[in-house]
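Notes for the structure review
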Amino acid sequence: QVQLVESGGGLVQAGGSLRLSCAASGSIFWSGMMGWYRQAQGKQRELVAHITSGGSTDYLDSVKGRFTISRDDASNTVYLQMNSLNSEDTAVYYCSAEIRPTMAMRSKDYWGKGTLVTVSP
């Protein structure tokens, strides 16, 4: 069974930084796209950033230049470095990964349970 566990959330002042981590564990034969989403209270979940297995990245316009996504395939971990945080970044952040657990199984998307990021004024 594949599990994704996020860490690194917390309370930070505006202008500060946080680094989120998401570690995938269990049976992992192959991992593809990995990404970070967020959902603020009363709003829909949105894609913040994603990174392909080849290392190509894409970002939500409002975080470009402030957030950086990276991955370490040796440890099946995806990171999100967040700088210059502001109150609009306050949300629960979720990671997602396309994983193929075994050679005999198809890949599918797995989700973590989320980590709360709160940016104070």
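Residues numbered from 1 in each chain as written. Predicted model: local features only at pLDDT ≥ 70, side-chain atom pairs only at ≥ 80, totals over all residues. Heavy atoms only, no water.

The next thing to look at is the overall build of the protein. Summing up its helical and strand segments, the protein has zero helices and 11 strands in all. The order of α-helices and β-strands along the protein, N terminus first, is β-β-β-β-β-β-β-β-β-β-β. Taken over C-alpha atoms, the radius of gyration comes to 14 Å for the protein, in line with the 14 Å a tight globule of 121 residues would show. Its C-alpha atoms give the protein principal-axis dimensions of about 50 × 25 × 25 Å. For the protein, the residues scored as buried account for 37% of the 121 residues in total. Nonlocal contacts in the protein, meaning residues at least 24 apart in sequence, comprise 56% of its contacts between residues at least 6 apart. Accessible area of the protein: about 6,700 Å², with a carbon and sulfur share of 48%. (Helix = DSSP H or I, 4+ residues; strand = E, 2+ residues; numbered from the N terminus. Rg over C-alpha atoms; globule rule 2.2 N^0.38 Å. Buried < 20%, exposed > 50% of the residue type's maximum accessible area, 1.4 Å probe, protein only. Contact = heavy atoms within 4.5 Å. Areas by Shrake-Rupley, 256 points an atom, 1.4 Å probe, with all protein chains shown as cover.)

Burial of strand S1 (residues 3–7) is one-sided: the residues Leu4 and Glu6 facing one way are buried, the residues Gln3, Val5 and Ser7 facing the other way are not. Sheet analysis places S1 next to strand S3 (residues 18–25), joined by five bridges and oriented antiparallel. Paired with serine 7 across the bridge in S3 is serine 21. (Pairing = 2+ DSSP bridges.)

Let us look at the sheet that holds strand S8 (residues 77–82). Within the open sheet, the four strands sit side by side as S1-S3-S8-S7. Their pairing is antiparallel. Edge positions in the sheet fall to S1 and strand S7 (67–72), since each of these pairs with one other strand and no more. Between one strand axis and the next, the sheet turns through 15° on average, direction left out of account. Where S3 and S8 come together, six bridges link them in antiparallel fashion. Looking at the pairing, leucine 20 lines up with leucine 80 of S8. (Axes fitted to C-alpha atoms, helices over the stretch in contact; angles between N-to-C directions.)

Per the stated rule, a full pass over the model turns up five salt bridges. When the shortest N-O distance is used, the salt bridge between arginine 66 and aspartate 89 registers 2.8 Å. Here arginine 66, found in the loop between strand S6 (57–59) and S7, pairs with aspartate 89, found in the loop between S8 and strand S9 (91–100); they are 23 residues apart in sequence, far enough to count as distant. There is no split in this pair, since arginine 66 and aspartate 89 are both buried. Overlapping salt bridges bring together Arg38, Glu46, Arg66 and Asp89 as one network. (Salt bridge = Lys/Arg side-chain N within 4 Å of Asp/Glu carboxyl O.)

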